[in-house]
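Given next are the chains, with one letter for each unit.
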Amino acid sequence: MQVPAPVEYERATSVEHAIELLERLGGSARILAGGHSLLPMMKLRLASPEYLIDINELHGELGYIRVEPELVRIGAMTRHRELLESDELAAVFPIFRDAEKVIADPIVRNRGTIGGSLCQADPSEDLSAVCTTVGAECVIRGGAGERVVPMEEFHRGPYETAVGEAEMLVEVRIPVRPGGSSAYEKVERRAGDWAIASAGAAVWLEDGVIADARVGLAAVGPNTTGIPAVTEALRGRVPSEELYARAGEIAAENCSPVTDQRGSAEYKRHLVAELTKRALRRAVARVTGGN
């Protein structure tokens, strides 16, 4: 049986305390939030930090969902369950509830956090695809202050983010625009599993025309990724089944899945085309009064 390497444990009592610990311990430390990704990696010796900084006591400081007229702010310690149950969040970005319904199981959703999900930077991770789809920005704090990084720059590669050694993700910000809605579609081998492929869509309509749109994918490339070519194809067009199908084709052409135990690359491209089409259809229906 594999067990983690020996590790020292520190419990942070505030964001400032956590940053102080990170500055003192340097690259030998990792932050522990929900732990559902980090601890299994440590058990398999895929991650071997010398120190764990437990930030669960920071939920009171960083566990919030604030829906403002032009901006949604989500604290990094907000649990999956809180994202699932927030009616305010679902009213402006229903994609979060869509995704949370198919993330893991209640045990994981009770402990896992949005910050932990984004910082794990797993290419198959649902919330990373969701945040890419809605154009989220990540607020990173360190000893020198805060900086804001768009999702397109937050993930630098599989399991690698823009967060420095003595920094931590503290908040996710999402701009709110009128006339918009969103949806998320996922295919998995069994309930709560990692995606074989998934697609999120966000659309904004003006006078029955798509003023803007975004599509984000997961599990079909080295990073969760947005597809700018889909945005270009949709913008300025009237929604239609033909348009959704074309967007799905473009998404399939612009992803890079690999054949593995979850399916062949060809099968995953087929899923991307279909899931993109479904997500766009449902997002538009939500704007126009459907489901």
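Residues numbered from 1 in each chain as written. Predicted model: local features only at pLDDT ≥ 70, side-chain atom pairs only at ≥ 80, totals over all residues. Heavy atoms only, no water.

## Notes on the domain arrangement of the protein chain
Applied cut-off: Here the bounds of each domain stem from an automatic or database domain assignment. By definition, residues are in contact when any of their heavy atoms lie within 4.5 Å. Here the quantity called buried area is the accessible surface, traced with a 1.4 Å probe, that two parts lose on coming together, added over both. We define a salt bridge as a side-chain nitrogen of Lys or Arg found within 4 Å of a carboxyl oxygen belonging to Asp or Glu. Polar contact criterion, stated in full: a pair of N or O atoms within 3.5 Å, where within protein one must be able to donate a hydrogen and the other to accept it, and residues adjacent in sequence count only if both atoms are side-chain atoms. Helix and strand definitions follow DSSP, with helices as H or I runs of at least four residues and strands as E runs of at least two, each counted in order from the N terminus. When residues are sorted by character, Ala, Val, Leu, Ile, Met, Phe, Trp, Tyr, Cys and Pro go into the nonpolar class, Asp, Glu, Lys and Arg into the charged class, and all the rest, Gly among them, into the polar class.
Along its sequence, the protein chain is carved into domain 1 (8–54), domain 2 (62–175) and domain 3 (180–288). Between domain 1 and domain 2, the contact holds 16 residues from the first and 16 residues from the second. In total, domain 1 and domain 2 occlude about 1,200 Å² of area from one another, counting both sides; carbon and sulfur atoms represent 69% of this. Summed over the three residues of domain 1 that lose the most area to domain 2, namely Val15, Ile19 and His36, the buried surface amounts to 38% of that side. In this assembly, domain 1 and domain 2 are joined by one salt bridge. The salt bridge involving glutamate 16 is made with arginine 141; its shortest N-O contact spans 3.7 Å. Viewed at the interface, domain 2 and domain 1 are joined by one residue pair in polar contact (both at pLDDT 80 or more). With six residues, the top contributor of residues to the side of domain 1 that touches domain 2 is helix H1 (residues 15–25). Considering only residue class, the side of domain 1 that touches domain 2 consists of eight nonpolar, five polar and three charged.

## Structural notes on the packing of aromatic side chains
Put simply, the rule reads: Centres within 6.5 Å are what make two rings of Phe, Tyr or Trp a pair, Trp counting through its six-membered ring; a difference in plane orientation under 30 degrees is then read as stacked, over 60 as edge-to-face, and the rest as tilted. Geometrically, a lysine NZ or arginine CZ counts as sitting over a ring once it is within 6 Å of the ring centre and also within 35 degrees of the ring normal.
This structure, assessed with the given rule, holds zero aromatic pairs. Between the NZ or CZ atom of arginine 66 and the centre of the ring of tyrosine 64, over which it lies, the distance is 3.8 Å. For the cation-ring pair, arginine 177 lies above tryptophan 204, with the distance from its terminal atom to the ring centre recorded as 4.2 Å.

## Remarks on unusual backbone geometry
To keep things clear, this is the line we draw: Relative accessibility decides the category of a residue: with a 1.4 Å probe and only protein chains considered, values under 20% of the type maximum give buried, values over 50% give exposed, and everything between is partly exposed.
Residues other than glycine seldom take positive phi values, yet alanine 104 does so here, at roughly 50°. Tracing the backbone through its elements, the reader meets alanine 104 in the loop between helix H6 (95–100) and helix H7 (106–111). By relative accessible area, which is 25% here, alanine 104 ends up partly exposed. Unusually for a residue other than glycine, aspartate 207 sits at a positive phi of about 55°. Following the sequence through the fold, aspartate 207 ends up in the loop between strand S12 (195–206) and strand S13 (209–218). Here aspartate 207 falls in the exposed class, since its relative accessible area comes to 82%.

## Regarding the pattern of salt bridges
Under the counting rule described, the total for this entry stands at 26 salt bridges. The closest approach of N and O atoms between aspartate 98 and arginine 282, which form a salt bridge, is 3.4 Å. Pair noted here: aspartate 98 is in helix H6 and arginine 282 is in helix H13 (residues 265–287), with a separation of 184 residues, a long-range link. Between arginine 214 and glutamate 152 there is a salt bridge, with the nearest N and O atoms lying 2.7 Å from each other. Of this pair, arginine 214 sits in strand S13 while glutamate 152 sits in helix H10 (residues 151–154), placing them 62 residues apart in sequence.

## Remarks on the sheet that holds strand S14 (residues 225–226)
Rules: Any two strands between which DSSP finds at least two bridges are classified as paired. Geometry is summarised by axes, namely lines fitted to C-alpha atoms with helices restricted to the contacting stretch, and by angles between N-to-C directions that run from 0 to 180 degrees.
Pairing within the open sheet is antiparallel, and its four strands lie in the order S11-S12-S13-S14. The strands lining the two open edges of the sheet, one partner per strand, are strand S11 (180–188) and S14. Taken together, the two bridges between S13 and S14 define a ladder with antiparallel strand orientation. Looking at S14, one finds that leucine 217 is bridged to threonine 225. Seen against the sheet, helix H9 (residues 126–133) touches S11, S12, S13 and S14 and runs at an angle of roughly 160° to S13.

## Side note on the side chain of arginine 262
Within the secondary structure, arginine 262 is located in the loop between helix H12 (241–253) and H13. If we ignore the near neighbours within four places in the chain, the residues touching arginine 262 are Arg189, Asp193, Trp194, Ala195, Ile196, Tyr267 and Lys268.

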